[in-house]
Amino acid sequence: MHIKALKGFKDILPQEAALWQHIEGRARDIFQRFGYREIKVPILEKTGLFARSIGETTDIVEKEMYSFADRNGESLTMRPEGTASVLRSFIEHNLHSERPLQKLYTMGPMFRHERPQKGRLRQFHQMSVEALGVDRPELDAEIMAMAWMLLVDLGLKVSLEINSLGCQECRPLFNKALLKFLADSKGELCPDCERRQEKNPLRVLDCKNAKCQAHYVNAPVILDYLCSDCAAHFQVVEDCLRDLNIDYKVNSFMVRGLDYYTRTTFELITHDLGAQSAVGAGGRYDGLIAQLGGPALPGIGFALGMERLVLLLTADGGEAPGDIIDIFLAALGPAAGRRAFAMLHALRLQGLRAVMDYTSRSLKSQMKQAARCGSRFTLIMGDDELSSGRAMLRDMASHEQREIELSADLRAWSKAVAEIIS
Ligand code: ATP
Ligand code: MG
């Protein structure tokens, strides 16, 4: 039996990869408009980095990480998210001394041992964006506006939900009120929530259980407990979103599954992915850089899930953009094949995307091949054409054909062809 890919690990085949490149290309363009620069960080890190940042008692750290002892016995982890690695790098290379506001993004695979479902994999890919060094609420609104701009640019309809989780000052007050509410709810909560409240009571609010959700309608609301600084911050975030005409909804139940968030959190939600409704999520993490041994600087970030974007963009049967070939050389017979071989290279030197398939199959089957690879033009060359010094150029969309002079001066010839088909 042949070996198959691991469960939850997926090949991205060429047809789909074209769509990935399109999404990544739009993202790079838009991130650059906002002043973000790319950073590339390793996939493997010391396990402690994630335990310290994401939180020891989160689902990710407790049961989802791909961790192993390497040959020296050190515990390493395949990164489950991007922020921890980017911050590690930011601290290690003193990037804060270079500019007061560092705007960084990275793209790549993440690993979590979850139950695979549609839109939920064990190796998945994120575009992860961080703005480090500034705690102004304008930046919160700006980063949400950037995610929004990308999703709109891609033609997606999503809704933005925001919340504030407060800070070290006010969250404990809320936690206390919530714990009291939970104590009064004994016996009415699912086992997960019973367990969660001991470690991080906030996280019960994120429970997917319908009975728990119905119960939490009467739970205290975190926004009522914000200290005046956090409340003012949240107010400006809302005002700024309104300035930019960005629709949003305040969702006081949104708490996120990572421990490091403070103040603003947000999710980009779609109703077209079933249970996997978030295409992206993020928030502020003002204590995290210091917690990782860096300077006491604030930060905010978000991550978009590539697989979910791809699912959304192909959901309504929409075709992924095919590969684009400018010209297919259909050479018939061995002499034509050899001649085409050098012509092909000359066309590529002109910047054209030019292919042939070396099969010397029938004209019909080569034409089919040309159509299949999305070629705009086909150059048909048989031994007859060669002896008359001409070949036939076919426009694959309009089916118009015209004769093209061949020439031994391949540079001049390919330049002329490039002009004709551009
Ligand atoms: P979810 O609630 O769907 O589990 P999450 O809160 O764990 O998401 P984050 O850690 O904030 O998600 O990651 C941000 C984005 O990354 C998600 O909105 C989603 O699009 C994507 N993502 C997270 N986990 C997976 C996964 N296992 N497979 C595919 N995409 C994922
Ligand atoms: Mg998750």
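Before reading on, note that the structure itself is shown above.
The rules we used
Within each chain, residue numbers correspond to sequence positions counted from 1 in written order. Lettering for chains starts from A, numbering for ligands starts from 1, and both go in the order in which the items are written. Local features in this predicted model are restricted to residues of pLDDT 70 or higher, and side-chain atom pairs are both shown and tallied only at a pLDDT of 80 or more, whereas totals for entire chains, interfaces and linings draw on every residue. Processing note: side-chain calculations cover all non-hydrogen atoms of the structure and skip hydrogens and water entirely. Pairing of aromatic side chains requires ring centres within 6.5 Å, counting the rings of Phe and Tyr and the six-membered ring of Trp. Pairs whose planes differ by under 30 degrees are stacked, by over 60 edge-to-face, and all others tilted. Under the scheme used here, helices are H or I runs from DSSP no shorter than 4 residues and strands are E runs no shorter than 2 residues, and both carry numbers assigned from the N terminus. For each residue, the accessible area found with a 1.4 Å probe, counting protein chains only, is set against the maximum for its type, and the residue is called buried under 20%, exposed over 50%, and partly exposed in between. Note on contacts: a residue pair qualifies if any of its non-hydrogen atoms lie within 4.5 Å across the two residues. Each residue after the first adds 1.5 Å to the expected span of a helix. The pairing criterion is simple: DSSP has to find at least two bridges between the two strands. Axis definition: a line fitted to C-alpha atoms, over the contacting stretch in the case of helices. Angles run 0 to 180 degrees between N-to-C directions.

**Side note on the packing of aromatic side chains**
And then number 1: For the structure on display, the rule yields eight aromatic pairs.
And then number 2: Summarising the aromatic geometry, the rings of Phe9 and Phe111 are spaced 6.4 Å apart at their centres and angled 35° between planes, so their arrangement reads as tilted. Remark: Phe111 occurs in strand E5 (residues 102-111) and Phe9 occurs in the segment before helix H1 (14-33); sequence separation between them is 102 residues. Across the pair, Phe111 and Phe9 agree in class, each one buried.
And then number 3: Taken together, Phe9, Tyr66 and Phe111 form an aromatic cluster joined through their ring pairs.

**Structural notes on the environment of Val41**
And then number 1: Take Val41: it is sitting in the loop between strand E1 (37-38) and strand E2 (44-46).
And then number 2: Take Val41: its relative accessible area is 13%, and that puts it in the buried class.
And then number 3: Other than its neighbours up to four places away in sequence, Val41 contacts Arg79, Ser85, Val86, Ser89 and Thr106.

**A short note on helix H12 (residues 334-349)**
And then number 1: The end-to-end C-alpha distance of H12, which contains 16 residues, comes to 23 Å, matching closely the 22 Å that a straight helix rising 1.5 Å per residue would cover.
And then number 2: Every buried residue belonging to H12 is among Ala336, Gly337, Ala340, Met343, Leu344, Ala346 and Leu347, and all of these are buried.
And then number 3: Residues of H12 that are buried sit in contact with strand E12 (325-331), strand E13 (354-355), strand E14 (375-381), helix H14 (383-388) and helix H15 (410-421).
And then number 4: Phi turns positive, to about 95°, at Gly351, one or two residues after H12.

**Quick word on the sheet that holds strand E16 (residues 401-405)**
And then number 1: Pairing is mixed across the open sheet formed by five strands, whose spatial order is E13-E12-E14-E15-E16. Each edge of the sheet is formed by a strand with only one pairing partner; in this case those strands are E13 and E16.
And then number 2: The pairing of E12 with E13 spans two bridges and is parallel. The residue of E13 that forms the bridge with Ile327 is Ala354.
And then number 3: Lying on the sheet, H12 is in contact with E12, E13 and E14; it crosses E12 at an angle near 165°.
And then number 4: Contacts from helix H13 (residues 363-372) reach E12, E14 and strand E15 (390-395) within the one sheet, and its direction differs from that of E12 by about 170°.

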